[in-house]
Amino acid sequence: MINYLLIDDDVDSKPPAEMYTRELEASSGGALTFQAVKPTDLAKSLEAIAKSGANGLLLDIAFINAAGSDGKPLAYNGIALAQQIRTLQTIMRTRGDGLPEIPIVRFSKKDI
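Predicted, not measured: the structure shown is a model, and the values here were computed from it.

**Side note on the overall build of the chain**
In terms of helices and strands, the chain carries 3 helices and 4 strands. When its helices and strands are written in sequence order, the chain yields β-α-β-α-β-α-β. Its C-alpha radius of gyration of 14 Å places the chain within 12% of the 13 Å reference for a compact globule of 112 residues. The dimensions of the chain, computed from C-alpha atoms along their principal axes, are 40 × 35 × 20 Å. Taken over 112 residues, the chain has a buried fraction of 34%.

Have a look at this one:
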């Protein structure tokens, strides 16, 4: 089984990205599973990724509906998060601490 972590700020949208993940799960015959989380402060998002044990990420590009723990809009987006993840994966390869390498699939709604 392959487990993906969906990071999406707009889980309440119509239709939500989670609907697509359910369709992917169904069409995979159980080979794929998805867990959805909303982005929050950068450190907390990176910690959630590290703790998830996911085999890959499905990552929204625009975090326009997300807020940090202070209630303010996030100071980063999905592109910046993807770059930080790749940086931490490079650190893992060279120093042994960081994030393991996993695929990142970036997406956004057509209207954004």
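**What to know about the pattern of salt bridges**
Taken as a whole and assessed by the stated rule, the structure comprises 3 salt bridges. For Asp-41, the salt bridge identified is with Lys-44, shortest N-O distance 3.8 Å. The salt bridge involving Lys-51 is made with Glu-47; its shortest N-O contact spans 2.8 Å. One end of the pair is Lys-51 and the other is Glu-47, both in helix α2 (residues 42-52) and 4 residues apart, which spans about a single turn.

**Considering the side chain of Asp-9**
Here Asp-9 is to be found in the loop between β1 (2-7) and α1 (17-27). For Asp-9, the side chain forms a polar contact with the main-chain nitrogen of Ile-64, separated by 3.0 Å. Apart from residues no more than four positions distant in its own chain, Asp-9 is found in contact with Lys-38, Pro-39, Asp-60, Ala-62, Phe-63, Ile-64, Asn-65 and Ala-66.

Thresholds, definitions, all that
- Residues numbered from 1 in each chain as written.
- Predicted model: local features only at pLDDT ≥ 70, side-chain atom pairs only at ≥ 80, totals over all residues.
- Heavy atoms only, no water.
- Helix = DSSP H or I, 4+ residues; strand = E, 2+ residues; numbered from the N terminus.
- Rg over C-alpha atoms; globule rule 2.2 N^0.38 Å.
- Buried < 20%, exposed > 50% of the residue type's maximum accessible area, 1.4 Å probe, protein only.
- Salt bridge = Lys/Arg side-chain N within 4 Å of Asp/Glu carboxyl O.
- Polar contact = N/O pair within 3.5 Å; in protein donor to acceptor, adjacent residues only side chain to side chain.
- Contact = heavy atoms within 4.5 Å.

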